[in-house]
Amino acid sequence: MKILIRNLPRSLSETGLKELFEEYAEVQSCTLVLDKNSGVSKGFAFVEIPKVGDVKIVIQKLNGKTIDGNKIRVKKAEPTK
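Residues numbered from 1 in each chain as written. Predicted model: local features only at pLDDT ≥ 70, side-chain atom pairs only at ≥ 80, totals over all residues. Heavy atoms only, no water.

Another point: the overall build of the protein chain. Within the protein chain, the regular secondary structure consists of two helices and six strands. The helix and strand sequence of the protein chain, counted from the amino end, reads β-α-β-β-α-β-β-β. The C-alpha atoms of the protein chain give 12 Å as radius of gyration, which agrees with the globular expectation for 81 residues (12 Å, within 12%). Oriented by its inertia axes, the alpha-carbon framework of the protein chain measures out at about 35 × 30 × 20 Å. Burial status across the protein chain gives 35% buried among its 81 residues. Here the analysis covers contacts within the protein chain between residues at least 6 apart in sequence; of these, 59% occur between residues at least 24 apart. Only carbon and sulfur atoms are counted for the fraction: they give 46% of the accessible area of the protein chain, which is about 5300 Å². Each charge sign in the protein chain was given a centre, from 15 positive and 10 negative side chains, and these centres are 9 Å apart. (Helix = DSSP H or I, 4+ residues; strand = E, 2+ residues; numbered from the N terminus. Rg over C-alpha atoms; globule rule 2.2 N^0.38 Å. Buried < 20%, exposed > 50% of the residue type's maximum accessible area, 1.4 Å probe, protein only. Contact = heavy atoms within 4.5 Å. Areas by Shrake-Rupley, 256 points an atom, 1.4 Å probe, with all protein chains shown as cover. Lys, Arg positive; Asp, Glu negative; His and termini not counted. Charge placed at Lys NZ, Arg CZ, Asp CG, Glu CD.)

Once that is clear, we can look at the packing of aromatic side chains. In total, this model carries one aromatic pair according to the counting rule given. On the numbers, 6.2 Å between centres and 85° between planes, the contact of F44 with F46 is edge-to-face. Relative accessible area serves as the criterion here: at 26%, F46 is assigned to the partly exposed category. Looking at K2, its charged tip hangs above the ring of F46, at a distance of 5.4 Å from the centre. One residue, R6, lies across the ring of F44, its end atom 5.7 Å from the ring centre. (Phe/Tyr/Trp six-rings, centres within 6.5 Å; stacked < 30°, edge-to-face > 60°. Lys NZ or Arg CZ within 6 Å of the ring centre and 35° of its normal.)

Summarising the sheet, strand β1 (residues 2-6) and strand β3 (residues 41-48) pair through four bridges and their orientation is antiparallel. Across the sheet, residue I3 finds its bridge partner in β3, namely V47. (Pairing = 2+ DSSP bridges.)

Here it is as structure tokens:
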């Protein structure tokens, strides 16, 4: 299941994000969205977690968590059309 993470600090790397989520669940994939021109983080990312039960735990544990002064928002990603 794909999760959307918003309000990430621009300094957080994809590796750092993956490590944060791996504390709570197995991570299938992790994609930090970067600006095409500058290569700098846009402040949001997608993480895929294979087990639905783990998704609930991750959202509960990480939604509202403060990272480098930013209070992140974690929720299920809306399916693309």
